[in-house]
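# Fold and geometry: a report
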Amino acid sequence: LLNPLEADHLALQEHHKRIDELGRKWLANDFLAENELTHLLTLLSKANAIYTAHIAKEEGEVFPLARHLLGTPEMQDLGKEMAARRGLVIQISRD
């Protein structure tokens, strides 16, 4: 269950790297060659497809299983860790 999700993360890292490179080139030059623009659009489409399937698997399979196996404090810690990877800070009250 987790190996395909990890593969998604690795693929997305590569996609993001190339998307960033092409985006920065476009901003710096106010222009992308037609083949670069086509490649950028393809990368964006692929990344979107990976994210859509990835999120569906997490929400449909991984998170319900985690809720079943882990307690509330562990789930909250997992949420904080996921937020931190995205540069977000969340506050969770432990009432």
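Now for a look at the structure at hand. From a predicted model like this one, the values you see are computed outputs, not experimental measurements.

### As for the nonpolar core
Within the largest apolar cluster, 8 residues are counted, these being L12, I19, L22, L32, L40, L43, A47 and I50. Mapped onto this core, the elements with two or more residues apiece are α1 (2–29) and α2 (34–69). Take this core: its biggest share by element is 4 residues, from α2.

### Considerations on the side chain of H54
Structurally, H54 can be placed in helix α2. Beyond its immediate sequence surroundings of up to four residues, H54 is in contact with L5, D8 and H9.

### Side note on a nonpolar patch on the surface
Where nonpolar side chains cluster on the molecular surface, the patch consists of W26, L37, L41 and L44 and spans about 350 Å² of accessible area. By relative accessible area, W26 is classed as partly exposed at 38%.

### With respect to the packing of α1 against α2
Put simply, α1 and α2 touch, their axes get as near as 9 Å, and they point 150 degrees apart. Taken together, the axis directions place α1 and α2 in an arrangement best described as roughly antiparallel. Here the hand of the crossing between α1 and α2 comes out left-handed. A per-class count over the contact of α1 with α2 returns 15 nonpolar, 5 polar and 7 charged.

### Overview of the pattern of salt bridges
Counted by the stated rule, this structure contains 5 salt bridges. One salt bridge connects E21 with R18, and the closest N-O pair in it is separated by 3.0 Å. With E21 and R18 both in helix α1 and 3 residues apart, this pair spans about one turn of that helix. Judged by its relative accessible area of 37%, E21 is partly exposed. A salt bridge links D20 to R24; the shortest N-O distance between them is 2.9 Å. Here D20 and its partner R24 are both found in helix α1, 4 residues apart, which amounts to about one turn of the helix. According to the relative accessible area criterion, D20 is partly exposed, its value standing at 37%.

The rules behind the values
Residues numbered from 1 in each chain as written. Predicted model: local features only at pLDDT ≥ 70, side-chain atom pairs only at ≥ 80, totals over all residues. Heavy atoms only, no water. Core = buried A, V, L, I, M, F, W, Y, C linked by side-chain atoms within 4.5 Å. Buried < 20%, exposed > 50% of the residue type's maximum accessible area, 1.4 Å probe, protein only. Helix = DSSP H or I, 4+ residues; strand = E, 2+ residues; numbered from the N terminus. Contact = heavy atoms within 4.5 Å. Patch = residues over 30% accessible without salt bridge, like charges linked within 9 Å, V, L, I, M, F, W, Y side chains within 5 Å. Areas by Shrake-Rupley, 256 points an atom, 1.4 Å probe, with all protein chains shown as cover. Salt bridge = Lys/Arg side-chain N within 4 Å of Asp/Glu carboxyl O. Axes fitted to C-alpha atoms, helices over the stretch in contact; angles between N-to-C directions. Parallel < 35°, antiparallel > 145°, perpendicular 65-115°, else oblique. Left-handed = near helix turned anticlockwise from the far one by under 90°. Nonpolar A, V, L, I, M, F, W, Y, C, P; charged D, E, K, R; others polar.

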